[in-house]
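# Commentary on secondary and tertiary structure
Next come the chains, spelled out residue by residue.
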Amino acid sequence: MYGNSEQPTPLRGRNPLSVKFVVAGGFGVGKTTMVNAVSEIEPLRTEAAITGASVGIDDTSKVQTKTTTTVAMDFGRLTIDDELVLFLFGTPGQDRFGFMWDDITTGALGAVVLVDSRRLADCFFAIDYFERRQIPFVIAVNRFNGVVDHTLDDIRSALNVDAGVPMVECDARQLESVRTTLLVLFDLIISKLHPGEQSDLLRQAC
Amino acid sequence: MSASRSEWDDGVIFEDDDPDVRPYLVAGGATTSQVSGLAIETMVTRTDVDHGQLRFEARDMVDRAAAATSIAELSAGMNIPLGTTLALAGELITTGHLHAHQTMAETSMTDLDIMTRIINRVRQL
(Lines give C-alpha, C1' and ligand atoms only; values in the text may rest on other atoms or scores of the structure.)
Protein backbone atom coordinates (compact mmCIF):
# COMPACT_ATOMS: atom_id res chain seq x y z
CA MET A 1 0.00 0.00 0.00
CA TYR A 2 2.57 2.56 1.06
CA GLY A 3 4.96 1.20 -1.52
CA ASN A 4 2.71 2.57 -4.23
CA SER A 5 3.68 6.12 -5.04
CA GLU A 6 0.43 6.61 -6.95
CA GLN A 7 -1.58 6.16 -3.77
CA PRO A 8 -3.40 9.49 -3.41
CA THR A 9 -4.63 9.13 0.16
CA PRO A 10 -1.95 9.40 2.80
CA LEU A 11 -1.75 6.84 5.51
CA ARG A 12 -3.01 8.12 8.81
CA GLY A 13 -2.37 7.16 12.35
CA ARG A 14 0.62 5.35 13.57
CA ASN A 15 1.07 2.81 10.78
CA PRO A 16 3.35 1.86 9.30
CA LEU A 17 5.63 1.79 12.30
CA SER A 18 9.34 1.91 11.72
CA VAL A 19 11.78 -0.25 13.63
CA LYS A 20 15.53 0.22 13.62
CA PHE A 21 18.55 -2.01 13.95
CA VAL A 22 22.20 -1.06 13.68
CA VAL A 23 25.28 -2.74 12.27
CA ALA A 24 28.58 -1.46 13.62
CA GLY A 25 32.21 -2.34 13.23
CA GLY A 26 35.49 -1.14 11.85
CA PHE A 27 36.13 0.29 8.42
CA GLY A 28 35.81 -2.25 5.63
CA VAL A 29 34.52 -5.09 7.78
CA GLY A 30 31.38 -5.60 5.71
CA LYS A 31 28.71 -3.37 7.23
CA THR A 32 27.40 -2.16 3.90
CA THR A 33 27.47 -5.69 2.56
CA MET A 34 25.27 -6.79 5.43
CA VAL A 35 22.92 -3.88 4.91
CA ASN A 36 22.75 -4.80 1.23
CA ALA A 37 21.91 -8.41 2.03
CA VAL A 38 18.87 -7.39 4.03
CA SER A 39 17.65 -4.37 2.10
CA GLU A 40 14.87 -4.49 -0.48
CA ILE A 41 16.28 -1.31 -1.99
CA GLU A 42 19.81 -0.49 -3.04
CA PRO A 43 21.54 0.62 0.15
CA LEU A 44 21.25 4.35 0.43
CA ARG A 45 23.92 6.70 1.63
CA THR A 46 23.20 9.74 3.66
CA GLU A 47 25.41 12.33 5.23
CA ALA A 48 25.41 14.20 8.44
CA ALA A 49 27.25 17.39 9.09
CA ILE A 50 28.64 18.15 12.51
CA THR A 51 25.76 19.99 14.05
CA GLY A 52 23.63 19.38 17.08
CA ALA A 53 24.85 19.42 20.64
CA SER A 54 28.44 20.15 19.79
CA VAL A 55 27.73 23.21 17.69
CA GLY A 56 25.57 26.16 18.60
CA ILE A 57 22.71 27.27 16.39
CA ASP A 58 24.50 30.38 15.30
CA ASP A 59 27.62 28.52 14.40
CA THR A 60 26.08 25.94 12.14
CA SER A 61 26.34 27.72 8.83
CA LYS A 62 29.85 28.91 9.60
CA VAL A 63 31.03 25.45 10.43
CA GLN A 64 29.56 24.00 7.28
CA THR A 65 31.21 26.51 5.03
CA LYS A 66 34.55 26.34 6.80
CA THR A 67 35.00 22.63 6.92
CA THR A 68 33.99 19.46 5.20
CA THR A 69 33.04 17.63 8.36
CA THR A 70 30.41 15.32 7.02
CA VAL A 71 30.14 11.62 7.63
CA ALA A 72 28.51 9.13 5.34
CA MET A 73 26.53 6.14 6.47
CA ASP A 74 24.68 3.46 4.60
CA PHE A 75 21.30 2.03 5.38
CA GLY A 76 18.69 -0.27 3.96
CA ARG A 77 15.00 -0.90 4.25
CA LEU A 78 12.97 -4.08 4.59
CA THR A 79 9.19 -4.02 4.56
CA ILE A 80 7.97 -6.48 7.17
CA ASP A 81 4.27 -6.08 6.40
CA ASP A 82 1.74 -3.31 5.80
CA GLU A 83 2.19 -2.03 9.31
CA LEU A 84 5.89 -2.41 9.94
CA VAL A 85 9.08 -1.37 8.14
CA LEU A 86 12.56 -2.32 9.30
CA PHE A 87 15.57 -0.06 8.77
CA LEU A 88 19.13 -1.28 9.14
CA PHE A 89 21.74 1.44 9.62
CA GLY A 90 25.47 1.02 9.27
CA THR A 91 27.49 3.20 11.62
CA PRO A 92 30.35 5.29 10.30
CA GLY A 93 33.41 3.09 10.12
CA GLN A 94 35.71 4.98 12.42
CA ASP A 95 35.14 5.72 16.06
CA ARG A 96 36.21 9.32 15.63
CA PHE A 97 32.73 9.71 14.16
CA GLY A 98 31.25 8.59 17.44
CA PHE A 99 29.41 11.87 17.76
CA MET A 100 26.91 10.54 15.23
CA TRP A 101 26.17 7.38 17.11
CA ASP A 102 23.51 8.80 19.37
CA ASP A 103 21.38 9.82 16.40
CA ILE A 104 21.89 6.48 14.73
CA THR A 105 21.35 4.26 17.73
CA THR A 106 18.67 6.06 19.75
CA GLY A 107 15.59 3.87 19.56
CA ALA A 108 17.42 0.94 17.98
CA LEU A 109 16.12 -2.42 19.17
CA GLY A 110 19.47 -4.10 18.74
CA ALA A 111 22.81 -4.12 17.00
CA VAL A 112 25.27 -6.35 15.22
CA VAL A 113 28.96 -5.69 15.85
CA LEU A 114 30.89 -6.98 12.87
CA VAL A 115 34.40 -8.00 13.82
CA ASP A 116 37.41 -8.60 11.62
CA SER A 117 39.42 -11.12 13.63
CA ARG A 118 42.63 -9.61 12.28
CA ARG A 119 41.72 -6.18 13.64
CA LEU A 120 39.91 -6.75 16.90
CA ALA A 121 40.60 -3.28 18.26
CA ASP A 122 38.42 -1.76 15.54
CA CYS A 123 35.29 -2.95 17.31
CA PHE A 124 36.15 -1.90 20.87
CA PHE A 125 34.35 1.38 20.53
CA ALA A 126 31.15 -0.27 19.32
CA ILE A 127 31.17 -2.90 22.06
CA ASP A 128 31.77 -0.30 24.77
CA TYR A 129 29.06 1.88 23.33
CA PHE A 130 26.34 -0.77 23.17
CA GLU A 131 27.26 -2.13 26.60
CA ARG A 132 27.01 1.35 28.09
CA ARG A 133 23.72 2.07 26.35
CA GLN A 134 22.37 -1.38 27.20
CA ILE A 135 21.43 -1.97 23.58
CA PRO A 136 21.26 -5.73 22.91
CA PHE A 137 23.98 -6.76 20.50
CA VAL A 138 25.60 -9.79 18.95
CA ILE A 139 29.21 -10.09 17.88
CA ALA A 140 29.58 -11.39 14.34
CA VAL A 141 33.09 -12.43 13.39
CA ASN A 142 33.56 -11.95 9.68
CA ARG A 143 35.25 -14.86 7.95
CA PHE A 144 37.58 -13.23 5.51
CA ASN A 145 38.70 -15.76 2.93
CA GLY A 146 36.37 -18.18 4.64
CA VAL A 147 38.75 -18.60 7.54
CA VAL A 148 38.52 -17.45 11.12
CA ASP A 149 42.10 -17.47 12.32
CA HIS A 150 41.17 -17.50 15.99
CA THR A 151 38.52 -19.54 17.74
CA LEU A 152 35.43 -17.72 18.88
CA ASP A 153 36.40 -18.45 22.47
CA ASP A 154 39.78 -16.80 21.91
CA ILE A 155 38.09 -13.79 20.43
CA ARG A 156 35.57 -13.63 23.25
CA SER A 157 38.44 -13.55 25.74
CA ALA A 158 40.32 -10.95 23.77
CA LEU A 159 37.26 -8.73 23.56
CA ASN A 160 36.43 -9.35 27.20
CA VAL A 161 32.71 -9.55 26.57
CA ASP A 162 30.18 -11.07 28.87
CA ALA A 163 29.13 -14.68 28.30
CA GLY A 164 25.61 -13.42 27.68
CA VAL A 165 26.70 -11.66 24.52
CA PRO A 166 26.08 -14.04 21.61
CA MET A 167 28.96 -14.59 19.23
CA VAL A 168 28.64 -16.03 15.74
CA GLU A 169 30.81 -16.45 12.70
CA CYS A 170 29.53 -14.39 9.83
CA ASP A 171 30.43 -13.78 6.23
CA ALA A 172 28.45 -10.69 5.31
CA ARG A 173 28.59 -11.74 1.66
CA GLN A 174 26.57 -14.87 2.40
CA LEU A 175 22.87 -14.26 2.85
CA GLU A 176 22.42 -17.36 4.98
CA SER A 177 25.14 -16.14 7.29
CA VAL A 178 23.62 -12.68 7.59
CA ARG A 179 20.21 -14.19 8.22
CA THR A 180 21.52 -16.41 11.01
CA THR A 181 23.30 -13.47 12.63
CA LEU A 182 20.12 -11.41 12.63
CA LEU A 183 18.01 -14.28 13.93
CA VAL A 184 20.42 -14.70 16.85
CA LEU A 185 20.02 -10.98 17.56
CA PHE A 186 16.23 -11.20 17.41
CA ASP A 187 16.27 -14.21 19.74
CA LEU A 188 18.47 -12.23 22.12
CA ILE A 189 15.97 -9.36 22.13
CA ILE A 190 13.13 -11.79 22.80
CA SER A 191 15.07 -13.39 25.63
CA LYS A 192 15.43 -9.95 27.21
CA LEU A 193 11.70 -9.37 26.89
CA HIS A 194 11.00 -12.77 28.37
CA PRO A 195 13.84 -13.65 30.72
CA GLY A 196 14.40 -17.34 30.99
CA GLU A 197 13.41 -18.06 27.41
CA GLN A 198 16.34 -18.90 25.22
CA SER A 199 16.11 -20.38 21.76
CA ASP A 200 18.45 -23.14 20.63
CA LEU A 201 20.00 -20.72 18.16
CA LEU A 202 20.79 -18.25 20.90
CA ARG A 203 22.02 -20.92 23.30
CA GLN A 204 24.54 -22.09 20.72
CA ALA A 205 25.83 -18.58 20.24
CA CYS A 206 26.40 -17.84 23.91
CA MET B 1 30.08 20.12 -2.26
CA SER B 2 30.09 22.43 0.72
CA ALA B 3 29.24 25.38 -1.50
CA SER B 4 26.05 23.78 -2.76
CA ARG B 5 25.22 22.68 0.75
CA SER B 6 25.36 26.19 2.15
CA GLU B 7 23.36 27.30 -0.87
CA TRP B 8 20.38 25.16 0.03
CA ASP B 9 20.88 25.73 3.73
CA ASP B 10 20.50 29.43 3.09
CA GLY B 11 17.86 29.06 0.43
CA VAL B 12 15.55 26.75 2.23
CA ILE B 13 16.07 27.12 5.88
CA PHE B 14 16.96 30.72 6.42
CA GLU B 15 15.28 32.62 3.61
CA ASP B 16 11.79 31.36 4.26
CA ASP B 17 9.57 34.43 4.11
CA ASP B 18 7.15 33.74 6.89
CA PRO B 19 7.89 30.65 8.86
CA ASP B 20 5.78 30.12 11.94
CA VAL B 21 8.68 28.48 13.66
CA ARG B 22 12.28 28.56 12.59
CA PRO B 23 13.29 24.96 12.02
CA TYR B 24 16.65 25.32 13.70
CA LEU B 25 14.82 26.77 16.66
CA VAL B 26 12.33 23.93 16.63
CA ALA B 27 15.03 21.37 16.29
CA GLY B 28 17.31 22.92 18.90
CA GLY B 29 20.31 22.61 16.63
CA ALA B 30 18.77 20.59 13.87
CA THR B 31 19.84 17.06 14.57
CA THR B 32 16.74 16.11 16.49
CA SER B 33 13.39 17.79 16.38
CA GLN B 34 12.14 18.36 19.90
CA VAL B 35 8.65 19.18 18.75
CA SER B 36 7.86 16.14 16.72
CA GLY B 37 10.43 13.75 18.18
CA LEU B 38 11.75 12.87 14.77
CA ALA B 39 14.33 10.15 14.44
CA ILE B 40 16.30 9.24 11.35
CA GLU B 41 14.04 6.19 10.89
CA THR B 42 10.81 8.14 11.41
CA MET B 43 8.61 7.86 8.36
CA VAL B 44 6.54 10.72 7.05
CA THR B 45 3.69 10.85 4.59
CA ARG B 46 2.31 13.92 2.92
CA THR B 47 -1.14 15.13 3.93
CA ASP B 48 -3.97 16.67 1.94
CA VAL B 49 -2.76 20.17 2.82
CA ASP B 50 -2.08 22.03 -0.41
CA HIS B 51 1.63 22.19 -1.04
CA GLY B 52 1.47 24.14 -4.27
CA GLN B 53 3.06 27.19 -2.70
CA LEU B 54 6.03 25.31 -1.30
CA ARG B 55 9.31 25.79 -3.07
CA PHE B 56 12.56 24.00 -3.66
CA GLU B 57 13.49 21.37 -1.10
CA ALA B 58 10.25 21.77 0.83
CA ARG B 59 8.26 20.99 -2.29
CA ASP B 60 10.59 18.17 -3.22
CA MET B 61 10.32 16.60 0.23
CA VAL B 62 6.53 16.66 0.22
CA ASP B 63 6.48 15.20 -3.28
CA ARG B 64 8.77 12.38 -2.17
CA ALA B 65 6.55 11.60 0.79
CA ALA B 66 3.59 10.45 -1.32
CA ALA B 67 4.17 7.09 0.35
CA ALA B 68 5.58 6.63 3.83
CA THR B 69 9.27 7.51 3.58
CA SER B 70 11.88 7.73 6.30
CA ILE B 71 13.90 10.81 7.15
CA ALA B 72 17.02 8.87 6.20
CA GLU B 73 15.58 7.98 2.80
CA LEU B 74 14.62 11.60 2.20
CA SER B 75 18.11 12.71 3.19
CA ALA B 76 19.71 10.24 0.79
CA GLY B 77 17.26 10.87 -2.04
CA MET B 78 17.48 14.64 -1.80
CA ASN B 79 21.20 14.60 -1.09
CA ILE B 80 20.95 16.80 1.98
CA PRO B 81 22.44 15.98 5.39
CA LEU B 82 20.37 14.34 8.07
CA GLY B 83 20.29 17.33 10.39
CA THR B 84 18.83 19.58 7.73
CA THR B 85 16.40 16.89 6.63
CA LEU B 86 15.16 16.58 10.20
CA ALA B 87 14.79 20.33 10.51
CA LEU B 88 12.92 20.72 7.24
CA ALA B 89 10.64 17.76 7.93
CA GLY B 90 9.96 19.19 11.38
CA GLU B 91 8.88 22.44 9.80
CA LEU B 92 6.65 20.70 7.27
CA ILE B 93 5.02 18.72 10.06
CA THR B 94 4.42 21.97 11.95
CA THR B 95 2.78 23.47 8.88
CA GLY B 96 0.67 20.36 8.39
CA HIS B 97 2.15 19.30 5.05
CA LEU B 98 3.66 16.11 6.44
CA HIS B 99 2.36 13.57 8.88
CA ALA B 100 4.88 11.68 11.01
CA HIS B 101 4.42 8.01 11.73
CA GLN B 102 5.54 6.52 14.98
CA THR B 103 8.69 4.55 15.48
CA MET B 104 8.49 1.40 17.49
CA ALA B 105 10.73 2.96 20.13
CA GLU B 106 8.03 5.58 20.73
CA THR B 107 5.24 3.08 21.18
CA SER B 108 6.82 0.95 23.93
CA MET B 109 5.30 -1.99 22.16
CA THR B 110 8.39 -4.04 21.54
CA ASP B 111 6.66 -7.30 22.03
CA LEU B 112 6.77 -10.89 20.98
CA ASP B 113 4.25 -10.33 18.22
CA ILE B 114 6.33 -7.69 16.48
CA MET B 115 9.56 -9.62 16.92
CA THR B 116 7.85 -12.70 15.51
CA ARG B 117 6.72 -10.79 12.44
CA ILE B 118 10.25 -9.51 11.92
CA ILE B 119 11.72 -12.99 12.34
CA ASN B 120 9.26 -14.50 9.88
CA ARG B 121 10.11 -11.88 7.30
CA VAL B 122 13.86 -12.22 7.72
CA ARG B 123 13.60 -16.00 7.40
CA GLN B 124 12.16 -15.40 3.94
CA LEU B 125 15.18 -13.43 2.78
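Calculation criteria
- Residues numbered from 1 in each chain as written.
- Chains lettered and ligands numbered in written order.
- Predicted model: local features only at pLDDT ≥ 70, side-chain atom pairs only at ≥ 80, totals over all residues.
- Helix = DSSP H or I, 4+ residues; strand = E, 2+ residues; numbered from the N terminus.
- Buried ≥ 20, exposed ≤ 12 C-beta atoms within 10 Å, placed from the backbone.
- Contact = placed C-beta atoms within 7 Å.
- pLDDT = per-residue confidence, 0-100.
- Core = buried A, V, L, I, M, F, W, Y, C linked by C-beta atoms within 7 Å.
- Pairing = 2+ DSSP bridges.
- Right-handed = clockwise from strand over helix to strand, strands pointing away.
- Axes fitted to C-alpha atoms, helices over the stretch in contact; angles between N-to-C directions.
- Parallel < 35°, antiparallel > 145°, perpendicular 65-115°, else oblique.
- Nonpolar A, V, L, I, M, F, W, Y, C, P; charged D, E, K, R; others polar.
- Arc of directions from axis to C-beta.

### Structural notes on the overall build of chain A
- Along its length, chain A carries seven helices and seven strands.
- The burial tally for chain A puts 43% of its 206 residues in the buried class.
- Sequence-distant contacts, at least 24 apart, represent 70% of the contacts inside chain A between residues at least 6 apart.

### So, the overall build of chain B
- Along the backbone of chain B there are seven helices and three strands.
- Ordered by position from the N terminus, the helices and strands of chain B form the series α-α-β-α-β-α-α-β-α-α.
- For chain B, the proportion of its 125 residues judged to be buried stands at 48%.

### Examining the confidence of the model for chain B
Residue and element names in this part refer to chain B.
- Looking at chain B as a whole, the pLDDT averages 76, with 69% of positions reaching at least 70.
- Between the elements of chain B, mean pLDDT differs from a low of 34, seen in helix H1 (residues 2-14), to a high of 96, seen in strand E2 (residues 69-70).
- pLDDT under 50 marks residues 1-35. Its contacts with residues more than four places away, or in other chains, come to 78 contacts.

### Here's the deal with the nonpolar core
- Within the largest apolar cluster, 79 residues are counted, with the highest numbers of intra-cluster contacts made by Ala111, Val112, Val113 and Leu114 of chain A together with Ala89 of chain B.
- The leading source of residues in this core is helix H6 (residues 175-193) of chain A, at nine residues.
- When residues no more than four places from it in sequence are discounted, the contact partners of Val112 of chain A are Val23, Met34, Phe137, Val138, Ala140, Thr181 and Leu185 of chain A.

### Some details on the environment of Met78 of chain B
Residue and element names in this part refer to chain B.
- Inspection of the secondary structure puts Met78 in helix H4 (residues 71-78).
- Owing to 17 C-beta atoms within 10 Å, Met78 belongs among the partly exposed residues under this scheme.
- When the C-alpha positions of Met78 and Arg64 are compared, they lie 9.0 Å apart, and in sequence the two are 14 residues distant.

### Remarks on the confidence of the model for chain A
All names here are of chain A.
- Here chain A averages 81 in pLDDT, while 76% of its residues score no lower than 70.
- Low pLDDT (under 50) marks residues 1-12, which in the prediction has 20 contacts with non-local residues, meaning those over four places away or in another chain.
- Taken as a whole, residues 51-68 scores under 50 in pLDDT and shows 31 contacts with residues more than four places along the chain or in a different chain.

### Some remarks on the pairing of strand E6 (residues 137-142) of chain A
All names here are of chain A.
- Across the six residues of E6, six count as buried, placing the element largely inside the fold.
- Side chains Phe137, Ile139 and Val141 project from E6 onto one buried face, and the interleaved Val138, Ala140 and Asn142 project onto a second face that is buried too.
- Two elements, strand E5 (residues 110-116) and E6, share six bridges in a ladder whose sense is parallel. Paired with Leu114 across the strands is Ala140, a residue of E6.
- With respect to chirality, the unit in which E5 leads through helix H4 (residues 124-133) into the neighbouring parallel E6 is right-handed.
- Of the pairings in the sheet, the one linking E6 to strand E7 (residues 167-170) comprises four bridges and is parallel in character. Opposite Ala140, over in E7, you have Val168 as the bridge partner.

### Some thoughts on the packing of helix H3 (residues 56-64) of chain B against helix H5 (residues 82-94) of chain B
All names here are of chain B.
- The N-to-C vectors of H3 and H5 enclose an angle of 75°; their axes lie 11 Å apart at closest approach. Taken together, the axis directions place H3 and H5 in an arrangement best described as roughly perpendicular. Counting all contacts with H3, which are made through Glu57, Ala58, Met61 and Val62, the residues of H5 involved are Leu88, Ala89 and Leu92.
- Looking at the contact of H3 with H5, its residues break down into six nonpolar, no polar and one charged.

### So, H3 of chain B
Residues and elements named next belong to chain B.
- Within the sequence span of H3, burial applies to Glu57, Ala58, Met61 and Val62. The buried side chains of H3 occupy one side of the element, clustering within an arc of 135° when seen end-on. What points out from H3, more than 90 degrees from its buried face, is the exposed set Phe56 and Asp63.

### Side note on unusual backbone geometry
- The phi dihedral of Gln134 of chain A falls on the positive side, at around 55°, and the residue is not glycine.
- Judged by C-beta crowding, with 8 C-beta atoms within 10 Å, Gln134 of chain A ranks as exposed.
- In this model, Asn79 of chain B sits at a positive phi of 60°, which is unusual for a non-glycine residue.
- With respect to the helices, strands and loops of the structure, Asn79 of chain B is situated in the loop between H4 and H5.
- Residue classification places Asn79 of chain B among the partly exposed residues on the basis of 15 C-beta atoms within 10 Å.

### Some points on the sheet that holds strand E1 (residues 43-46) of chain B
All names here are of chain B.
- Spatially, E2-E1-E3 is the arrangement adopted by the three strands of the open sheet, whose pairing is antiparallel. Looking at which strands have only one partner, the edges of the open sheet turn out to be E2 and strand E3 (98-100).
- In this sheet, E2 lies alongside E1 in antiparallel orientation, the contact comprising two bridges. When the bridges of E2 are listed, Val44 appears paired with Thr69.

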